[in-house]
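# Observations on chain architecture
Each chain, written out:
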Amino acid sequence: MIIETNKLTKYYGKARGVIDLNLGVEQGEVFGFLGPNGAGKSTTIRVLMDFIRPTSGHARVLGLDSHRDALEIHRRVGILPGELALYPKLTGRQMLEYLGELRGGVDWGYVDQLAERLDSDLSRQIKNYSSGNKQKIGLIQAFMHRPELLILDEPTSGLDPLIQQEFYAMVKEAKEAGQTIFLSSHILPEVERVCDRVGIIREGRLVTVETIPAIKSKALRHLEIVFDGPAPAHEFERLPGVRDVTARNGHLRCTVVGTLDDVVKVAAQHTVVNLISEEPNLEDVFLTFYGREGNHAQ
Amino acid sequence: MRSNVFLKTLYDMRRALFWWGLGLFLLSLYYITFYPSMQESSADLQQMLDRMPESIRALMGGEVDLTSVEGFLSLEAFSFFYPILLLAFAVSYGAGIIGSEEENGTLDLLLATPVPRWRVILEKFGALVVFTVIVLLTIYLGFLVGAQVADIEDMDNVFILEGVLNMLPITLFFAALALFLTALRSGGRGLALGVTLGLAAISYLIFSMAEISNIPLWLRRLSPWHYYNGANLAQAGINAGHTALLLGLTVLLVGGSLWAFQRRDVGV
């Protein structure tokens, strides 16, 4: 196990951080830590880095105790903090030089390569950077010493789409190079895209750990089909996994659990003008795993 | 240039160091040029001082000798005016050693490197010591140059250097106190700054009012200024025991900061 938490609990005074968190991240996987803002993702990460100490339970990173062996962990881990703050008066390069020196030196050929991939201008002062440009420095400093484990808290926040693609490629390469990646996010498609497994956290508690295919098969998807004529609602109502069918004129809306295959095959027997499938959002995923609470909402 | 926390901290201080150094150099140069005009009337002044009630003389630091440049600087510069200027930056830097980076959020990245927390504090405090010593030396230089400018011939340069360096322990003590308060809990920079400056002021009052208001000795001994006593320097010289005590307390406070900071949550 690269990351292992055992009944990890953290309270800030009376405020909840995380409760009884049991997490296991395997060597060489990309693990997504998914949850809405304030769910406890950053709390977990900050315990792993020994910035804060558990109220009870404990955490192990790379087989080492998160508190007792913190320095050895810091040596072998690269972290992108959730609320990234850099020294505004330094240039990007000076910032990276400083952090690199504190790590005993890094391979500058590799740093320049990372900067080029992320299209990061290291020569300007950080106070003149956009949030996206700051995020790039945060990513470079996490990757630059080729750590065994990368802990990335909301890594794509502020990045424009092209740079996000490049980041996904970097994650893939890191995985191929044998590095383990622990990535927190509140965006399901992002996690689906790069992760092997995902742990879902909500209100401080780990709800479930699933593989991506399992999540997808359970995820609710909102679908809208526009027909060239009246919508044949009754044909869809009896399909397994299809719910909440409503039809008005040629527009048919429904919610589908799992694959769209059956729905598409039925629809294909008619003339389809348009088909809109929304990516399942986090709330929909929670509805799947918390049907009970979903019913409350209704 | 910025290959460790110590050098990075000094690098960040470079502008402040330049302006504090230049400012205090010029102030000291200007300050000492007042001495000759003071000396002309020093006989009268001294008579007046000698006629004053003992309690007023005590407030001015005990036996006062305005007939020498050493006595003049002890009374006018070392008693509290210069220490207060030094405390202004030293306490604010002391409170910022942990407090600034914690407030700005940069502490996470710094502590994510394999540099132990205790070393971060020690290196930053070391930078503050270097900063303070350099500022003290510019003060000394200001007095030396000023003495040349004002044709003061009988100045004891070694005494002046001692008097200037004598301000180091009390300055570091209050800086370490501010550091210690920020090491205890998160986000307390402003509070630590205020509490430390408040304590410095109150303890100075206790010390300076002691002679005339029957403040008990045990209370006087609680005041750090009791062990500094810059106004009395020309008469009494540096008290090695008192200096060692202030430095010892500084070491204790820094040590306590390392201990407390190691144990607490960061940035909560």
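The text that follows walks through the structure, step by step, so that each part is easy to find. None of these values were measured; they are calculated from a predicted model. (Residues numbered from 1 in each chain as written. Chains lettered and ligands numbered in written order. Predicted model: local features only at pLDDT ≥ 70, side-chain atom pairs only at ≥ 80, totals over all residues. Heavy atoms only, no water.)

### Focus on the overall build of chain B
Going by this rule: Runs of H or I in DSSP of at least four residues are treated as helices and runs of E of at least two as strands, each being numbered from the N terminus. For the radius of gyration, the atoms used are the C-alpha atoms, and the globule rule reads 2.2 Å times the number of residues raised to 0.38. Throughout this description, buried means an accessible area under 20% of the type-specific maximum (1.4 Å probe, protein chains only), exposed means over 50%, and partly exposed covers the range between.
Looking only at helices and strands, one finds 14 helices and 0 strands in chain B. Reading the secondary structure of chain B in the N-to-C direction produces α-α-α-α-α-α-α-α-α-α-α-α-α-α. The globule rule puts the C-alpha radius of gyration for 268 residues at 18 Å, and the 20 Å found for chain B is close to it. Seen through its principal axes, chain B has C-alpha atoms that stretch 65 × 45 × 25 Å. In chain B, which comprises 268 residues, the share counted as buried stands at 51%.

### Regarding the overall build of chain A
A tally of regular secondary structure across chain A gives 12 helices and 14 strands. Considering only C-alpha atoms, chain A reaches an extent of 70 × 45 × 35 Å along its principal axes. Split into buried and exposed, the 298 residues of chain A put 53% on the buried side.

### Examining the pattern of salt bridges
The line we're drawing: By definition, a salt bridge exists where a carboxyl oxygen of Asp or Glu is found within 4 Å of a side-chain nitrogen of Lys or Arg.
Inspection of every chain in the model, using the stated rule, returns 24 salt bridges over all chains. We note a salt bridge from E123 of chain B to R119 of chain B, for which the minimum N-O separation is 2.8 Å. Of this pair, E123 of chain B and R119 of chain B both sit in helix α8 (residues 117-149), 4 residues apart, roughly one helical turn. Residue classification places E123 of chain B among the buried positions, given a relative accessible area of 12%. Overall, R119 of chain B belongs to the partly exposed group, its relative accessible area being 36%. Several salt bridges converge on common partners, so that one network encompasses E72, R75, R76 and E148 of chain A.

### Side note on the sheet that holds strand β12 (residues 242-248) of chain A
All names here are of chain A. We count it as follows: When DSSP finds two or more bridges between a pair of strands, those strands are recorded as paired. To obtain each axis, a line is fitted to C-alpha atoms, and for helices this fit is confined to the stretch in contact; angles are then taken between N-to-C directions over 0 to 180 degrees.
Strand order in the open sheet formed by 4 strands is β12-β13-β11-β14, and the pairing between neighbours is antiparallel. Edge positions in the open sheet fall to β12 and β14 (272-277), since each of these has one partner strand only. Sheet twist, expressed as the average angle between the axes of neighbouring strands with direction ignored, equals 15°. Pairing analysis gives 5 bridges linking strand β11 (residues 220-227) to β14, with the strands arranged antiparallel.

### A closer look at unusual backbone geometry
Of all residues except glycine, most have a negative phi; of all peptide bonds, most are trans. Residue and element names in this part refer to chain A. For E154, which is not a glycine, the phi torsion comes out positive at approximately 50°. Along the chain, E154 turns up in the loop between β7 (149-153) and α6 (161-176). If you check the backbone angles, D244 has positive phi at about 50° while not being a glycine. Residue position: D244 is located in strand β12.

### Side note on the interface of chain B and chain A
The line we're drawing: The criterion used for residue contact is that any of the two residues' heavy atoms lie within 4.5 Å. When two parts are brought into contact, each loses some accessible area as probed by a 1.4 Å sphere; the total of that loss over both is the buried area.
Facing the 27 residues of chain B at the interface are 27 residues of chain A. Here chain B and chain A share an interface that buries about 2,400 Å² over both sides, 58% of which is from carbon and sulfur atoms. A per-residue breakdown of the area chain B buries against chain A is headed by R2, L109 and P114 of chain B, which together make up 28% of the total. Inspection of the region where chain B meets chain A yields 3 salt bridges. The salt bridge partner of R2 of chain B is E97 of chain A, with a shortest N-O separation of 3.9 Å. Put simply, the parts of the chain that give the side of chain B that touches chain A at least two residues each are α1 (5-32), α6 (81-104), α7 (107-111) and α14 (240-263) of chain B.

### Topic: the sheet that holds strand β6 (residues 77-80) of chain A
Hydrogen bonds along the backbone pair up the strands of a sheet, which may run parallel or antiparallel. Residue and element names in this part refer to chain A. The 6 strands are arranged β6-β7-β8-β3-β9-β10 in an open sheet whose pairing can be described as mixed. Both outer strands of the open sheet, β6 and β10 (205-211), are each paired with one neighbouring strand and no more. For this sheet, the mean inter-axis angle between neighbouring strands, taken without regard to orientation, is 15°. Relative to β10, strand β9 (residues 197-202) runs antiparallel, the two sharing 6 bridges. In the sheet register, G199 faces β10, and the bridge partner there is V209.

### Overview of the environment of A176 of chain B
Residues and elements named next belong to chain B. Of note, A176 is situated in helix α10 (residues 167-184). Spatially, the C-alpha atom of A176 lies 8.3 Å from that of A95, the residues being 81 residues apart in sequence. Contact partners of A176, with chain neighbours within four places excluded, come to F125, T250, L253, V254 and S257.

### Describing the nonpolar core
For the record, the criterion: To form a nonpolar core, buried Ala, Val, Leu, Ile, Met, Phe, Trp, Tyr and Cys residues must be joined to one another through side-chain atoms within 4.5 Å.
Among the nonpolar cores identified, the biggest contains 150 residues, and F143 and F182 of chain A together with F143 of chain B are the most heavily contacted of them. Listed in part, the 16 residues of the second largest apolar core include A231, C254, L260 and V266 of chain A.

### Points about the layout of surface pockets
Using the following cut-off: A cavity here means a set of points on a 1 Å grid, drawn over the protein atoms and nothing else, where a 1.4 Å probe fits but cannot get out; a pocket is an open set with protein on both sides within 12 Å along at least five of seven lines, and a residue lines either one if it has an atom within 4 Å of a point. Grid points are joined across faces, edges and corners, and a volume is the space filled by probe spheres set on the points.
Computed from the structure, the largest pocket encloses a volume of approximately 810 Å³. Secondary structure elements with two or more residues in the lining of the largest pocket: α3 (92-102) of chain A together with α1, α6 and α8 of chain B.

### Quick notes on α1 of chain B
Applicable threshold: The span you would expect from a helix comes to 1.5 Å times its residue count less one. The angle between axes fitted to the seven residues ending at a residue and the seven residues starting there is what we call the bend at that residue. For the purposes of these results, a polar contact is taken to be a pair of N or O atoms within 3.5 Å, where, inside protein, one atom must be able to donate a hydrogen and its partner to accept one; residues adjacent in sequence count only when each atom of the pair is a side-chain atom.
Along its 28 residues, α1 of chain B runs 38 Å from first to last C-alpha, staying within 8% of the 40 Å computed at 1.5 Å per residue. Along its length, α1 of chain B shows its largest kink, about 50°, at R14 of chain B. Taken residue by residue, α1 of chain B has V5, K8, T9, Y11, M13, L17, G21, L24, S28, L29, Y31 and I32 of chain B as its buried positions. Where α1 of chain B is buried, its residues contact α3 of chain A together with α2 (35-40), α5 (69-78), α6, α7 and α8 of chain B. The backbone nitrogen of F6 of chain B has a side-chain oxygen 3.1 Å away, supplied by the residue at the start of α1 of chain B, namely N4 of chain B.

### Brief notes about the pairing of β6 of chain A
Residues and elements named next belong to chain A. What you see with β6 is no split at all: V77 and I79 on one side and G78 and L80 on the other are buried throughout. Bridge analysis of β6 against β7 gives 4 bridges, and the strand direction is parallel. If you follow L80 over to β7, its bridge partner there is L152.

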